[in-house]
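Below are the chains, spelled out letter by letter.
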Amino acid sequence: MSRKYEGLIVLNSKGQEDSINDLVSSVAKEMESGGAKMDEIQQLGRRKFAYNARHLEGGHYVNYIFEADPSAIEAIQGKLSLNGSVHLQHYQRLG
């Protein structure tokens, strides 16, 4: 049974500021290969962190809204945790 989710992903865009759209779409493709069906991608822009986490001053925040089976969330998290461009990820069920 497919459910709607929201995934807030913080990307490490250090040194890749000019190709951020490519980075956002590559993460979306990785999520789709894990079983997600994208509905919407909202780029929230670059924001500074409250403190330097892992030698980063800030990151590019992207909100992915997608449909997936509940079992696919773990697969997507595991896949994106191996991606060096993904700094943080948080998922929550909508509705």
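Residues numbered from 1 in each chain as written. Predicted model: local features only at pLDDT ≥ 70, side-chain atom pairs only at ≥ 80, totals over all residues. Heavy atoms only, no water.

1. Some details on the pattern of salt bridges
Under the criterion given, the structure shown has 2 salt bridges. The salt bridge partner of K4 is D39, with a shortest N-O separation of 3.2 Å. Taken together, the residues span a long stretch of sequence, with K4 in strand β1 (residues 3–11) and D39 in strand β2 (residues 37–53) at a distance of 35 residues. The partner of E57 in a salt bridge is K48, with the nearest N and O atoms 3.7 Å apart. Assessed through its relative accessible area of 49%, E57 is described here as partly exposed. Assessed through its relative accessible area of 66%, K48 is described here as exposed. (Salt bridge = Lys/Arg side-chain N within 4 Å of Asp/Glu carboxyl O. Helix = DSSP H or I, 4+ residues; strand = E, 2+ residues; numbered from the N terminus. Buried < 20%, exposed > 50% of the residue type's maximum accessible area, 1.4 Å probe, protein only.)

2. With respect to the environment of Q43
Looking at the element boundaries, Q43 is found in strand β2. Accessibility expressed as a relative area gives 38% for Q43, which makes it partly exposed. Along the chain, Q43 and I20 lie 23 residues apart, while their C-alpha atoms are 9.9 Å from each other. If sequence neighbours within four positions are ignored, Q43 has contacts with I20, N21, V24, H60 and Y61. Separated by 3.0 Å, the side chains of Q43 and N21 make a polar contact. A polar atom in the side chain of Q43 sits 3.0 Å from the side chain of H60. (Contact = heavy atoms within 4.5 Å. Polar contact = N/O pair within 3.5 Å; in protein donor to acceptor, adjacent residues only side chain to side chain.)

3. Looking at the environment of G78
If you trace the backbone, G78 turns up in helix α2 (residues 70–81). With relative accessibility at 34%, the residue G78 sits in the partly exposed group. Separated by 44 residues in sequence, G78 and G34 have C-alpha atoms that sit 9.4 Å apart.

4. Describing the nonpolar core
Ranked by size, the top nonpolar core spans 21 residues in total, and within it L11, M31, Y64, F66, L80 and Y91 carry the most contacts. For this core, the elements supplying multiple residues, two or more each, are β1, α1 (20–33), β3 (56–68), α2 and β4 (86–93). The element best represented in this core is α1, accounting for 6 residues. Excluding its chain neighbours within four sequence positions, the residues that come into contact with L11 are L23, V24, V27, G59, H60, V62, S85, V86 and H87. (Core = buried A, V, L, I, M, F, W, Y, C linked by side-chain atoms within 4.5 Å.)

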